[in-house]
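If you want the building blocks of each chain, they are given just below.
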Amino acid sequence: MREESSVAIRMCLSKTVQKWNAYWHLLQVQGKNSSISKMSFRSIDRLLRRNSKTKISRNIVDDVHDQKEEQFVQSLRELLLASNQLPEKFDDYHLLLRFLRMRGFNILKAKEMFLSMLKWREDCSVDAIANDFKFEEYDAVKRCYPQGFHGVDRFGRPLYIERIGMVDLSKLMQVTTLDRYVKYHISEQEKTVSVRYPACSLAAKKHIASTTAILDVKGLGLNNFSKSAREMFIEIQKIDSNYYPETLNQLYIINAGSGFRALWKVLKAFMEARTLAKIQVLGTNYLNTVLEAVDPSNLPDFLGGTCTCSATGGCLLQDKGPWTDPDMVRASKEAFGKGQKSFNGLTATVACENLAGLQEPSARQVDFTSRRKRTLGMLLQDNQVGTDTSENIQQKQVNAQISEKVRELEECSAQTKESLQTLICKQQELASHIEQLRNIIRDGMNADTRASTQNMK
């Protein structure tokens, strides 16, 4: 308890010093200007972010943080920063939250898992796979292993579909190898995290960081689940669970017959409990359950939906979704591109009247007096944006941000006081125990002395 309290105090004191340094710098800047409102909100945000090191992403989408979860994320973040183990690329609220959730909000276990992910990425050159890996056998693999992304669910998450019961494993291993398929899977995971989720977030106007999946296992059983298939399943499951945790929202396993149910008993042994809780195994009467999560227009006709994807190859070759819209991808790269930015401070080329189309801003979105474009955070505000002036909006945002920082400092001060009180109580208890031990030793020595004296007599 003493060590935990000491760590808590050090973290709080470090946090307080960092934040006061940020405010002192901000006040110095303010002194050089006649009014803080003359600084752009973007400049103020950069100053706070650069000096305080207390960044938690503020999204351009509807994203309310749970206060307790936010405290856990902040603690994990500061623990990683203290040991210089948090690369800027991964300094993101939701990414850290995923590792915490996977480890039941045990900060030390979440840190260990996060560091294992970083080591795996380095050992396997994941960035090189994401940027340079070419899967030339893509079309051949799709023909013997029908699978792919196809639209979104009703919440706006990417929808992924596999017809694993139709896999021709012998042909699959002829056109590719286990190693190359695993690399392809990693490249797809990287694309999902860096392209699909951001595009879906913009389209849905809320934070998206998980996938809904449908696994059609019709015809699959123990007889056609070979050793190579088991190896591929185990390796992919290991990668997804350990290095991309909490990216599965819900998995619907459909057309599960008696053969698959026997196989399922074996497969469950390799899966995390949290992952198993997100899986529903359904028989042939699956449609009503699936349609609760997926609109028929995003469900292929061979699964009971209304989509036919007239282009060559059918639904599972189209990679259909917001991430294929060039304007949406461009806007999401601006918002989510270089590390995890303060999204309220991003300059965006998005039309307020037509966010879904993501058009270039009209003359009304640009302040020609100051030559500053409206930020994306402003464009996503309610009707108040249309009535308030740009300066008033900036002033309100600055005031709100500073008020929030003051509140955080007050909370940190209270936590520090509580930790100090705990330490003082523990110190008093230790002092009492020490005194008791000294008395025992003193009494023992006195007893020995008296016994020696009596023996001499």
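Quick caveat: nothing in here was measured; it's all calculated off a predicted structure.

Asks: Explain the overall build of the protein chain to me, please; I cannot follow it from the model alone.
Replies: For the protein chain, the count of helices and strands is 17 helices and 7 strands. The buried share among the 457 residues of the protein chain stands at 43%. At a minimum sequence separation of 6, the contacts of the protein chain that also span at least 24 residues come to 72%. On the protein chain, roughly 24,800 Å² of surface is accessible, and the fraction owed to carbon and sulfur atoms is 52%.

Asks: Explanation requested: the sheet that holds strand β4 (residues 248–254) in the structure shown.
Replies: Sheets are built from strands paired through backbone hydrogen bonds, the pairs being either parallel or antiparallel. Strand order in the open sheet formed by 5 strands is β1-β2-β3-β4-β5, with mixed pairing between adjacent strands. The open sheet has two edge strands with one neighbour each: β1 (147–152) and β5 (279–281). On average, each strand axis in the sheet is inclined to that of its neighbour by 20°, with strand direction left out of account. Relative to β1, helix α9 (residues 178–204) is tilted by about 5°, and along the sheet it contacts β1, β2 (158–162) and β3 (211–216). Packing against the sheet, helix α11 (residues 258–267) makes contact with β4 and β5, and its axis sits at approximately 145° to β5.

Asks: Can you help me understand the packing of aromatic side chains in this one?
Replies: Aromatic ring pairs are described here by two measures, namely the spacing of the ring centres and the angle between the planes. Tallied over the full model, the rule gives 12 aromatic pairs. With 5.6 Å between their ring centres and 80° between their planes, Phe99 and Phe114 make a pair best called edge-to-face. Highlighted residues: Phe99 in helix α4 (residues 93–102) and Phe114 in helix α5 (residues 107–123), separated in sequence by 15 residues. Summarising the aromatic geometry, the rings of Phe260 and Trp264 are spaced 5.9 Å apart at their centres and angled 25° between planes, so their arrangement reads as stacked. Highlighted residues: Phe260 and Trp264, both in helix α11, separated by 4 residues, approximately one helical turn. By relative accessible area, Phe260 is classed as buried at 2%. Chaining the aromatic ring pairs together yields one cluster made of Phe133, Phe135, Tyr138, Tyr145, Tyr181 and Tyr184. If you follow Arg163 out to its NZ or CZ, it ends over the ring of Phe302, 3.9 Å from the centre. When the ring centre of Phe155 is taken as reference, the NZ or CZ atom of Lys206 above it lies at 4.0 Å.

Asks: Please clarify how the pattern of salt bridges should be interpreted in this entry.
Replies: For side chains of opposite charge, pairing can occur when their charged atoms come near one another. Counted under the stated rule, the structure contains 18 salt bridges. The shortest N-O distance in the salt bridge between Arg157 and Asp153 comes to 2.9 Å. Arg157 gets classed as buried once you look at its relative accessible area, which sits at 16%. Under the relative-accessibility criterion, Asp153 is labelled buried at 5%. In this structure, Glu246 and Arg274 form a salt bridge, with 2.9 Å as the shortest nitrogen-oxygen distance. Of this pair, Glu246 sits in the loop between α10 (227–243) and β4 while Arg274 sits in helix α12 (residues 273–276), and the two are 28 residues apart along the sequence. Classification of Arg274 by relative accessible area gives partly exposed; the value is 36%.

Parameters and conventions
Residues numbered from 1 in each chain as written. Predicted model: local features only at pLDDT ≥ 70, side-chain atom pairs only at ≥ 80, totals over all residues. Heavy atoms only, no water. Helix = DSSP H or I, 4+ residues; strand = E, 2+ residues; numbered from the N terminus. Buried < 20%, exposed > 50% of the residue type's maximum accessible area, 1.4 Å probe, protein only. Contact = heavy atoms within 4.5 Å. Areas by Shrake-Rupley, 256 points an atom, 1.4 Å probe, with all protein chains shown as cover. Pairing = 2+ DSSP bridges. Axes fitted to C-alpha atoms, helices over the stretch in contact; angles between N-to-C directions. Phe/Tyr/Trp six-rings, centres within 6.5 Å; stacked < 30°, edge-to-face > 60°. Lys NZ or Arg CZ within 6 Å of the ring centre and 35° of its normal. Salt bridge = Lys/Arg side-chain N within 4 Å of Asp/Glu carboxyl O.

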